[in-house]
Structures are given as structure tokens and as C-alpha cells.
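Fold and geometry: a report
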Amino acid sequence: MIQFIERNLKQIQQGGSAVLFRKVTNILCCILAIIAVLIMRLIKPWLLVRLDKLISSRIGHFAANTEIYFCERDAGLNMPNQRYMDIFYLEKPVCNKQLTIMWQRVLRIWPAWIVESIILVNQLIPGGKAHKIGTNTQDDRDVHNLLDRFPPHLEFTAEEEALGKAGLQAMGLPDGAQFVCLNVRDSAFLDGLFSTGGWDYHNYRDSDIQNYVLAAEELADRGYFVIRMGVKVQSSINSTHPKVIDYAANGMRSDFMDIYLGAKCDFCISTSSGFDAIPTIYRRPIVFVNSLPVGYSSTFCDKYISITKHHFSTQLNRSLTLSEIFSHGVGFGHFSSDYETKGVELIENTPEEIRDVAIEMVERLAGIWQVHADDEALQQRFWEIFPSDVVDASIGNPLHGKISGRFGAAFLRNSPQFLE
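Residues numbered from 1 in each chain as written. Predicted model: local features only at pLDDT ≥ 70, side-chain atom pairs only at ≥ 80, totals over all residues. Heavy atoms only, no water.

**What to know about the overall build of the protein**
Stated formally: In this description a helix means any DSSP run of H or I spanning at least four residues, a strand means any run of E spanning at least two, and both kinds are numbered starting from the N terminus. The reference for a compact globule is 2.2 Å times residues^0.38; the radius of gyration itself is calculated from the C-alpha atoms. Under the scheme applied here, a residue whose accessible area is under 20% of the maximum for its type counts as buried, over 50% as exposed, and between as partly exposed, the area being computed with a 1.4 Å probe on protein chains only. Note on definitions: a residue-residue contact is assigned when non-hydrogen atoms from the two residues lie within 4.5 Å.
Regarding its fold elements, the protein presents 15 helices and 14 strands. Relative to a compact globule of 420 residues, whose C-alpha radius of gyration would be 22 Å, the protein shows 24 Å and is just as compact. Principal-axis analysis of the C-alpha atoms gives the protein an extent of 75 × 50 × 45 Å. Within the protein, buried positions represent 52% of all 420 residues. Taking the contacts inside the protein whose residues are at least 6 apart along the sequence as the reference set, 72% of them involve residues at least 24 apart.

Structure below.
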């Protein structure tokens, strides 16, 4: 630490006014951080001060990780056995201003330049581990099934409720209209946000928005408005149905309405990407389609229904069964190369498969779903094969808790070989 100060003093002597200001600021931050850490250590027996950053550059983590932090706090998990105070800072770029405003109401979020300096000094002085907040049991995965036990921790103010209703009306939705959020991942957002590129390893998760038109128009014919979500997208959805709204591409998108729509939708159709964390933290039902990796399927809530992409083996010249997906080592693949090196081509769900699982959600929510004779047997067989007890080797924690979600009924009926 003394070397750090000496180095900055030397640079001040050699630099101009801008360098002078920056280096003096660094030294002052360092000195203040040292004082803060010493105070933290002194008061620790009476009050444990903990610090960390919020993963605020990606909406999935910003929403879900933070909400699960609250749920684990409510459940007494991963929390100190003494009086404590948690302080956070935001990493940049911050993905959503409205979500930031709402978390600031319920969390201590301090400027990064203050907290980062304190964290740095705390790491340099031995004995600082207790002052780090750390992560949840499994980051953004609800392995303790807490979202069903505790209510959402974010609420809209009266003014925000009025603004949200006005936003719905501006999109053509009458009061009380049912609507579905459609969230289909492509690479446009990350490629635009991080100009350095290098995100193609995630491309195995992408989907073609046009494969969702059939489902969107089926839902629209059933009385739902379907709102296509996205901060930045590669192409517009090809539908002229008046109840299919391309909010992501029609110029009406805003940080505020992203949160309001996700919180208020009747359900969401998603490809397991960032935005679906908003309906997740507001306990909205979700249909996951083209969901990958299969082993990371969202299983934590009985309001979740999932189907996955087809895993076609170029060596066997056929689609893999569920058991083979795991035996071939692609059930937990997080990189496009994980599938390519195993000779597995990922084929998107057909428009009919997406439509069928969307209808299943609609009819289950309405209480009119007709169970086929073999549906429960197929579900049971699926979850017998699915490795629900798998443990994340990197941290030793489970990926799943109680299995509450379902796999799409029509997918299993129409693909009998999948469970062989």
C-alpha cells in the first residue's frame, strides 16, 4: 500500500494537471479506504460490514442474483450469525436504469469509487474474508425453491404504476388486456454492447424469431397481446396480426417498460436468456423453449414448462435421446464448441413445437388443460433420466432443488424416441 502511494506521488511530479488531479484523488481514496477498513475491523464484534458488487451489466444476473440474495436472507441462508450491514456498488455498464432505481430503494448501493477502494484495501490486509458478501448458493439458480416461499422484493410506486398503464395504452392494450412477453435471444445485444466481440461462444443459444410467429398468432387469436421483447435485435418479427407487437423494433422500448412488462405479463415465452429474470423475480409463469443447456433447465417452479433444442448427432445420423445427451457430454455444455467437438448439431424447436407448449401454458393457467393417458408416465420417465441430483463441480453445490417444473407434454408425446 505504501508502494502504491509512493508510485502515485512520483507520477504526480512527472505529470500535468489532469494527472495531478487523478493521482491525488487515488491517494485520497486509498487513505480513506485504509481508515474505513480499520474502522470495519474495530467494530466487527458489534456490526459486521460486508461489501461486494452487484452484477449490474447483465439484466439476468442483476435481477435474479439480487432477488435470490434477498430470498436467502429471508430464509437465513448464507447470512452472518450476527448483526451486519451489506453495502454494494454497481459494475459498468449498468444494463437497466429502472431496475437500478428500484434496487436502490431496498439496498445500500454506494458509489463504485468508494466501495471498490475499500474492497481493494480489505483484500490486502489479512483477515478481510468476513467482510465480503460473496455469491448466493448457486448465483441466479433458485436451488432452495425460495421464490415460491417469499414474495417479490421490488414494488412499483403509484406514479410508476400510472406510467406503466399509460405505456400499455400507448401500445394499444386496453385496460385489463392479457399479454405475453416473447423473449427470443439473438447475438445482436451482446455484439452491440461489447464492441470487442468474442461472444460467438454463446451462439448455440440463439433462435430465429420467425419460428415464433405461429405461436404468437395462435396466442393472439386466443385473445392475448404478444409483445416481442429485446433491447437490440437482429430482425423484426414477420407478423401483421394487430395483437402481435414488435416492441423491440418499433421504437417504443424503454428501460422502464422492460421491467413493467416483465412484471405484469400473464406469462413469458423465453429462450432462457437475460430478460426472463424479470418475470422470474415477479413470480410470473414462463415457457422456456429452445432451452440450453438441458442440464441447466429451470426446474424450480410449477409455473415453468420447458422444451429443448434437438441434439442431432452427425456420427449417428439421428437425434440423441435424453439419456444420450448426457452420456455424450453435451447436457451441460456452455460453449458452442462443446457441441461442435462432440459432433452434435443443435436444431431449433419447430414452430409447431413452440405453439404446442405455449398452448399448454395457456390451458394450464385457465384450468382447461386436457391430460392425455400417458402424460404423467412420460413426465415421470423424463425426470427419472434427467440428472436432477447433479452437483456443480466448481463450487460443490447442486444445480437443482426440488423438481417442480414440467417438460412440454406435446414434445414428449410426439418424440417417443427421446425417452428411449
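**Quick look at unusual backbone geometry**
Cis geometry is found at the peptide bond from K92 to P93, where omega equals 0°. Its place among the elements puts P93 in the loop between β2 (84-90) and α4 (97-106). Cis geometry marks the peptide bond from L292 to P293, where omega comes out at -10°. Mapped onto the secondary structure, P293 falls in the loop between β7 (286-288) and β8 (304-306). The backbone phi angle of N317 is positive, close to 60°, even though this residue is not glycine. Note that N317 resides in the loop between β9 (310-313) and β10 (318-319).

**Here's the deal with the packing of aromatic side chains**
Defined as follows: We call Phe, Tyr and Trp rings a pair once their centres come within 6.5 Å, taking the six-membered ring for Trp, and we label the pair stacked below 30 degrees between planes, edge-to-face above 60, and tilted otherwise.
Counting across every chain of the model gives 21 aromatic pairs. Ring plane angle 90° and centroid distance 5.4 Å describe the contact between F288 and Y304, whose orientation is recorded as edge-to-face. Separated by 16 residues along the polypeptide, F288 in strand β7 and Y304 in strand β8 bring together distant segments of the chain. Across this residue pair, the class does not change: F288 and Y304 are buried. Taking 4.7 Å as the distance between ring centres and 85° as the angle between the ring planes, the aromatic pair formed by F382 and W383 counts as edge-to-face. Accessibility expressed as a relative area gives 1% for F382, which makes it buried.

Purely geometric numbers; function is a separate question.
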